[in-house]
Amino acid sequence: AAALGKIVITNFRNKERYLKEYGECKLLVANNRKELSRILIELLDTHYYDLEMIQKNTREWVENYHSLDSIGYRLKDFLNKI
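Our subject in this report is the structure included herewith.

Conventions used here
- Residues numbered from 1 in each chain as written.
- Predicted model: local features only at pLDDT ≥ 70, side-chain atom pairs only at ≥ 80, totals over all residues.
- Heavy atoms only, no water.
- Helix = DSSP H or I, 4+ residues; strand = E, 2+ residues; numbered from the N terminus.
- Rg over C-alpha atoms; globule rule 2.2 N^0.38 Å.
- Buried < 20%, exposed > 50% of the residue type's maximum accessible area, 1.4 Å probe, protein only.
- Contact = heavy atoms within 4.5 Å.
- Areas by Shrake-Rupley, 256 points an atom, 1.4 Å probe, with all protein chains shown as cover.
- 1 Å grid on protein atoms, 1.4 Å probe; cavity = no way out; pocket = protein on both sides within 12 Å on 5 of 7 lines; lining within 4 Å.
- Points joined across faces, edges and corners; volume = space filled by probe spheres on them.
- Nonpolar A, V, L, I, M, F, W, Y, C, P; charged D, E, K, R; others polar.
- Core = buried A, V, L, I, M, F, W, Y, C linked by side-chain atoms within 4.5 Å.
- Salt bridge = Lys/Arg side-chain N within 4 Å of Asp/Glu carboxyl O.
- Axes fitted to C-alpha atoms, helices over the stretch in contact; angles between N-to-C directions.

Moving on, we get to the overall build of the protein. For the protein, the count of helices and strands is four helices and two strands. For 82 residues, the compact-globule estimate of 2.2 N^0.38 gives 12 Å, and the C-alpha radius of gyration of the protein, at 15 Å, exceeds that figure by more than 25%. With the C-alpha coordinates of the protein rotated into their principal frame, the extents come out at 50 × 25 × 15 Å. Each of the 82 residues in the protein was classed as buried or not, and the buried ones make up 18%. Across the protein, every contact between residues at least 6 apart in sequence was considered, and the portion connecting residues at least 24 apart equals 49%. Surface exposure of the protein reaches about 6600 Å², of which carbon and sulfur atoms provide 54%.

Rendered as structure tokens:
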């Protein structure tokens, strides 16, 4: 969904590790009902233009951190350190 530029709300138990490895995450994290409610209410109160910007930023994040090229470079760096 993020690769399509959609706003993604997900359960994410290991976000700290992800941030340590990648440095940035554009996923909206809701690990319980209260967090999900808060995020949905915030999104419902968000102007359409801002929602489009969140979608654009989500797409760019996927391209920068999870494209075939970026993952290939990360793997190459990892293998060079071994």
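After that view of the structure, there is still more to cover.
So, about the layout of surface pockets. A volume near 180 Å³ is recorded for the largest pocket. Per-element tally for the lining of the largest pocket: the top contributor is helix α4 (residues 68-81), with six residues. Of the residues assigned to the lining of the largest pocket, the class counts are four nonpolar, no polar and four charged.

Counting residues in hydrophobic clusters, the biggest one holds nine residues: Ala 2, Val 8, Phe 12, Tyr 18, Cys 25, Leu 27, Val 29, Trp 61 and Val 62. Non-local contacts of Tyr 18, meaning those with residues more than four positions away in its chain, are made with Phe 12, Gly 23, Glu 24, Cys 25, Trp 61, Tyr 65 and His 66.

Following the sequence through the fold, Tyr 18 ends up in helix α1 (residues 15-22). Sequence-wise, Tyr 18 and Ile 54 are 36 residues apart; in three dimensions their C-alpha atoms are separated by 20 Å.

Once that is clear, we can look at the pattern of salt bridges. Taken as a whole, this structure holds five salt bridges when the rule is applied. With a closest N to O distance of 3.2 Å, Glu 24 and Lys 26 form a salt bridge. Judged by relative accessible area, Lys 26 falls into the partly exposed class, the value being 30%. Salt-bridge contacts for Lys 56 lead to Glu 60; the nearest nitrogen and oxygen are separated by 2.8 Å. A residue pair is termed a helical-turn pair when its members lie 3 or 4 positions apart in one helix, as Lys 56 and Glu 60 do in helix α3 (residues 48-66) at four residues. On the accessibility criterion, Lys 56 (43% relative accessible area) is partly exposed.

Before going further, it helps to examine the packing of α3 against α4. Across the interface, α3 lies against α4 with an axial gap of 5 Å and an inter-helix angle of 35 degrees. Each of Glu 63, Asn 64, Tyr 65 and His 66 in α3 lies in contact with α4, whose residues at this interface are Leu 68, Ser 70 and Ile 71. In terms of residue class, the contact of α3 with α4 is made up of three nonpolar, three polar and one charged.

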